[in-house]
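Spelled out from the first residue to the last, the chains are:
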Amino acid sequence: NQASGGVIAKLAEQKVWNGKAGKVLELHHLSGIAAKSVILVGLGDVDKITAASAFQAGGIGAKIAASRERESIAFAADHLPEAFHLQVLVGSLCGGVGQDLFRQEKSLFQCAKITWLDTKSSLADEANKTAAAMNWARRMVNLPPNELYPETFVEHATQFLLNSGVSLEVWDERKLREQNCNALLAVAQGSIRPPRLLIATYNPAESKSVPVAIAGKGVTFDSGGLSLKPTESMTTMKCDMAGAATAIATIQLAAALKLQQPMIVAVGLVENLISGSNFKLGDVIKSRQGKTIEILNTDAEGRVVLADVLDVLMERKPTCIVDLATLTGACVVALGTDIAGVMGNDQEFIQQIQAAAEHVGEYVWPLPMYSFFNEQVASKIADIKNVGDGRWGGAITAAKFLENFVGTTPWCHLDIAGPAFLDKPKPWMDAGGTGSMIRTLLEWLKEPASRFGSRKVNTSEGIDIP
């Protein structure tokens, strides 16, 4: 404003640009300014800025800047409270990244050089690594299903984790059969693409903590199987592996930032397609844990895959488990497209995840795990069935199904069906994958896991949340 002779103040006086949150104005060839253009992004009242609005402001500026090719971009946010600096930086490194992976004519142009003025190098480093993890997960979600399937997911993850300090173990179809992963194999048997289970482990050399575990649903394409989805519901089902991408991105980020918390990540990778070898409605499958599952809807496949994945993690005896899955449309009906549902068997654990999300500007909300929902996943011919009684409470009955496979280990289930994928672009991010919940999990992982040592878990009555 000073260098331009008060132009910005005059624009505000004339109400051309008022600085309200999200309001944008691009000015070209301002007298006194060396840059070819200046992009103003409103933050609104300083006392009303949140982590979410800071992340969005960074993304809005970057997305506007990426609308055409530029040699370099410099960001400044002089009046932003320090508590929100990290989120605005991360937003600025995500906003210019688009879903136009296969377009000859790009819709967004990533800038090779991005500079943040008056920013601590340590903060810039964390922001850069966080955005890199998010953008990797977003790219994985945006890859088409003919490019991304269980085998190629493993290839991408292996390359991404190369020299990161994270060790990998891959279970192929033969190993899955040896390990009695019958639930995961049942979902995969309709596709010619063989399934995989990927286990990633991060063990910091000096840490003596017990590992935490993260499970991810990795259905690389979901047709619904014999319970076939309609076309409009199937077109975005390349995103059904967002939970797996988020889990892998999180462990890579934890290693990149040298967090001292040991971690184990397991992701089940399958395609849910149709053929003569499909699993069928009425089938009864014996899971790896031993519980038998009656299949009454082949489009409720993610929870069936996670049944075996959770058991693999339970065998490693983690101090707690988080699972991430684009699991139910019912959660989107309940909470909308921007909010992840959080459920589990431990109230304090749920509150910690919710607090971490609020701190970084992501949205989660708890759904009640009352014990009477157990009755809805009880089967008359098997131990459990893979759907509840009808449409009602579908996100909760899906979580209740998963609860059968975690015992008394503190466990949180994040249903990210809404926020993991944008059907339409936002002002701060292109349509497609979002990298949702990576920042939340990072914030949570920064805390010591010893807090779970003396927890009492009431699995019989569930959690009563007002």
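Residues numbered from 1 in each chain as written. Predicted model: local features only at pLDDT ≥ 70, side-chain atom pairs only at ≥ 80, totals over all residues. Heavy atoms only, no water.

Participant: Please explain the sheet that holds strand β10 (residues 292–294) as it appears in this structure.
Facilitator: Adjacent strands of a sheet form backbone hydrogen bonds with each other and so pair up, either parallel or antiparallel. Read from one edge of the open sheet, 3 strands run β9-β10-β14, paired in mixed fashion. With partners counted over all chains shown, the strands left at the sheet margins are β9 (284–286) and β14 (384–385), one partner each. By the bridge criterion, 3 bridges tie β9 to β10 in an arrangement that is antiparallel. Bridge assignment links V284 to a residue of β10, and that residue is E294. (Pairing = 2+ DSSP bridges. Helix = DSSP H or I, 4+ residues; strand = E, 2+ residues; numbered from the N terminus.)

Participant: In this structure, what is going on with the nonpolar core? I would like to understand it.
Facilitator: Across soluble globular proteins, you tend to see nonpolar side chains buried next to one another. F153, I248, M263, V265, V267, L414 and W444 are the most contacted members of the largest nonpolar core, which has 84 residues in total. Counting residues per element, this core draws most heavily on helix α9 (residues 242–256), at 10 residues. With residues up to four places along the chain from it excluded, the contact list for V265 reads L198, I199, A200, I214, A247, I248, I251 and L313. The next biggest cluster of nonpolar side chains, apart from the first, holds 48 residues, and it includes I199, I264, V270 and A399. (Core = buried A, V, L, I, M, F, W, Y, C linked by side-chain atoms within 4.5 Å. Buried < 20%, exposed > 50% of the residue type's maximum accessible area, 1.4 Å probe, protein only. Contact = heavy atoms within 4.5 Å.)

Participant: Please explain the pattern of salt bridges as it appears in this structure.
Facilitator: In a structure, side chains of opposite charge can pair up when their charged atoms sit close to one another. Counted by the stated rule, this structure contains 22 salt bridges. Measuring nitrogen to oxygen at the nearest pair gives 2.9 Å for the salt bridge that ties K217 to D240. Linking K217 in strand β7 (residues 212–222) with D240 in the loop between α8 (231–234) and α9, this pair joins segments that are 23 residues apart in sequence. Pair check on accessibility: K217 and D240 agree, each one buried. When salt bridges with common partners are traced through the structure, they connect E26, R68 and R70 into a single cluster. (Salt bridge = Lys/Arg side-chain N within 4 Å of Asp/Glu carboxyl O.)

Participant: How should I be thinking about the pairing of β7 in this particular structure?
Facilitator: A regular strand places its side chains on the two faces of the sheet in alternate fashion. Taking burial as the measure, the 11 residues of β7 include 11 buried ones, the bulk of the element. Note that β7 and strand β8 (residues 263–272) share 10 bridges and pair parallel. From the neighbouring strand, D222 faces β8, where its bridge partner is N272. Sheet analysis places β7 next to strand β11 (residues 321–325), joined by 4 bridges and oriented parallel.

Participant: Would you mind showing me how to read unusual backbone geometry here?
Facilitator: At K15, a residue that is not glycine, the phi angle is positive and equals roughly 60°. By secondary structure assignment, the location of K15 is in the loop between α1 (7–13) and β1 (24–28). Take K15: its relative accessible area is 74%, and that puts it in the exposed class.

Participant: Would you explain the packing of aromatic side chains in this entry?
Facilitator: Taken as a whole, this structure holds 6 aromatic pairs when the rule is applied. Relative to W116, the ring of F75 lies with its centre 4.9 Å away and its plane at 15°, an arrangement referred to as stacked. Linking F75 in strand β3 (residues 72–75) with W116 in strand β4 (residues 113–116), this pair joins segments that are 41 residues apart in sequence. What makes W116 buried here is its relative accessible area of 16%. Taking the centre distance of 4.2 Å and the plane angle of 5° together, the rings of W136 and F160 count as stacked. Of the two residues, W136 is situated in helix α4 (residues 121–142) and F160 in helix α5 (residues 150–160); the sequence distance between them amounts to 24 residues. By the burial criterion, W136 is buried, and F160 matches it. Each residue in the set Y370, F372 and F373 is aromatic and connected to the rest through ring pairs, giving one cluster. (Phe/Tyr/Trp six-rings, centres within 6.5 Å; stacked < 30°, edge-to-face > 60°.)

Structural measurements only, silent on function.
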